[in-house]
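Okay, here's what each chain looks like letter by letter:
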Amino acid sequence: MVKVKWFGHSAFAVEVGGKVFLVDPWITNPKSPVKDLSELGIEPDYILVTHDHGDHLGNAVELLKLYKKAKAVAIFEIANQIAEKLGDPNRVIDGNIGGPIQLGDGFFVVLTTATHSSSSGSPTGVVFGREGETVYHAGDTGLTYDMKLVGELYKPLVALLPIGGHYTMGPREAAKAAELIKPKYAIPMHYGTFPVLWGRPEDFKNEVAKLAPEVRVVILSPGEEVELT
Ligand code: NI
Ligand code: MN
């Protein structure tokens, strides 16, 4: 069972086998129900950052200072910057695209390709969890055929896909991504935070129904949590 909680934008808390992964933790985004970082309601084990745009790096460093057992995982250059700001390299795991990072007890993180930009390092997505309970958070990205490999190799139970358009995939591109990845569930993200992120989750759901009817689209409200099996 995988528990997925959305804080709005691209920020999620995902619980797999008792480990809590916080992804792209912009917890104080305009749609988030959490305004005070000490009231997160969970103790993160890992904080995953896909790229260093402010809406993804978000509150990562503040959270690492507040939640002392958490470790950050990010691409080399961004991991180094987090370590410097935190003043503690031991709580940061640096990796790179395509290299499985073993976290122990069968848990892993793989940074994936994302077609986007980043001020430092390269933009990534992340696959994480453990065998049979993997989650794919695509980060900010356009549609790329690499997603087919993510689906074939890691068979994610759930794919978290940006659908807002303008800077990332819109509903149509994200539905094609769902078709390539073939997860059991797809959850839309990165829409509605600002007017420019125009993609609507209903349109994503309709497109997925056409292209990949076997994929179940789960639309969350900010603050909502769902249990997926
Ligand atoms: Ni971005
Ligand atoms: Mn973004």
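Everything below is about the structure shown above.
For every chain, the first residue of its written sequence is number 1, and the numbers climb from 1 along that sequence. As a convention, the first chain written is A and the first ligand written is 1, with the rest following in written order. Owing to the predicted nature of the model, reporting of local features is limited to residues with pLDDT of at least 70; listing and counting of side-chain atom pairs is limited to 80 or more, with chain, interface and lining totals taken over all residues. Excluding hydrogens and water, the side-chain figures rest on all heavy atoms present in the structure.

Engineer: Break down the pairing of strand β14 (residues 225–228) for me, citing the residues and quoting the values.
Structural biologist: For the exposure calls, accessible area comes from a 1.4 Å probe over protein chains only, and a residue counts as buried if that area is under 20% of its type's maximum, exposed if over 50%, partly exposed in between. Numbered from the N terminus, helices here are DSSP runs of H or I no shorter than four residues, and strands are runs of E no shorter than two. Alternating residues of β14 divide into Val226 and Leu228, all buried, and Glu225 and Glu227, none buried. Looking at chain direction, strand β1 (residues 2–6) and β14 are connected through four bridges and run antiparallel. Residue Val2 lies in a different strand from β14, and its bridge partner there is Leu228. Any two strands are treated as partners once DSSP identifies two or more bridges connecting them.

Engineer: Describe in detail the sheet that holds β14, supporting the description with residues and values.
Structural biologist: Taking strand neighbours across the sheet as the criterion, the seven strands line up as β6-β5-β4-β3-β2-β1-β14 in an open arrangement whose pairing is mixed. For this open sheet the edge positions go to β6 (92–95) and β14, each flanked by a neighbour on one side alone. Strand-to-strand twist across the sheet, computed as the mean angle between neighbouring axes with direction ignored, equals 20°. Where strand β4 (residues 46–48) and strand β5 (residues 71–75) come together, three bridges link them in parallel fashion. Each residue of the ladder has a partner; that of Tyr46, found in β5, is Lys71. Axes, fitted as lines to C-alpha atoms, cover a helix only where it is in contact. Angles between the N-to-C directions of the axes lie from 0 to 180 degrees.

Engineer: Could you give me a rundown of a nonpolar patch on the surface, with the residues and numbers involved?
Structural biologist: On the surface, Tyr167, Phe194 and Val196 cluster together into a nonpolar patch covering about 270 Å² of accessible area. Structurally, Val196 can be placed in the loop between β12 (185–189) and α6 (201–211). On the basis of relative accessibility, which here comes to 32%, the residue Val196 falls in the partly exposed class. Patch definition: residues with relative accessible area over 30% and no salt bridge; like charges joined within 9 Å; nonpolar side chains (Val, Leu, Ile, Met, Phe, Trp, Tyr) joined within 5 Å. Computed with the Shrake-Rupley method and a 1.4 Å probe, the accessible areas treat only the protein chains shown as cover for residues. We count a salt bridge whenever a side-chain nitrogen from Lys or Arg sits within 4 Å of a carboxyl oxygen from Asp or Glu.

Engineer: Provide a residue-level description of the packing of helix α5 (residues 171–181) against α6, including the pertinent values.
Structural biologist: Running from N to C, α5 and α6 point in directions that differ by 40°, and their axes come no closer than 8 Å. Judged on the interaxial angle alone, α6 and α5 are oblique. Two packed elements cross with a definite hand, and for α5 against α6 that hand is right-handed. Along the contact surface, α5 presents Pro171, Arg172, Ala174, Ala175, Lys176, Ala178 and Glu179, while α6 presents Asp203, Phe204, Glu207, Val208 and Leu211. In these notes the angle categories are as follows: under 35 degrees is roughly parallel, over 145 is roughly antiparallel, 65 to 115 is roughly perpendicular, and the rest is oblique. Two helices crossing with the near one rotated counterclockwise from the far one by less than a right angle form a left-handed crossing, whereas a clockwise rotation gives a right-handed crossing. Contacts between residues were defined by any pair of non-hydrogen atoms, one from each residue, lying within 4.5 Å.

None of this, on its own, says anything about what the molecule does.
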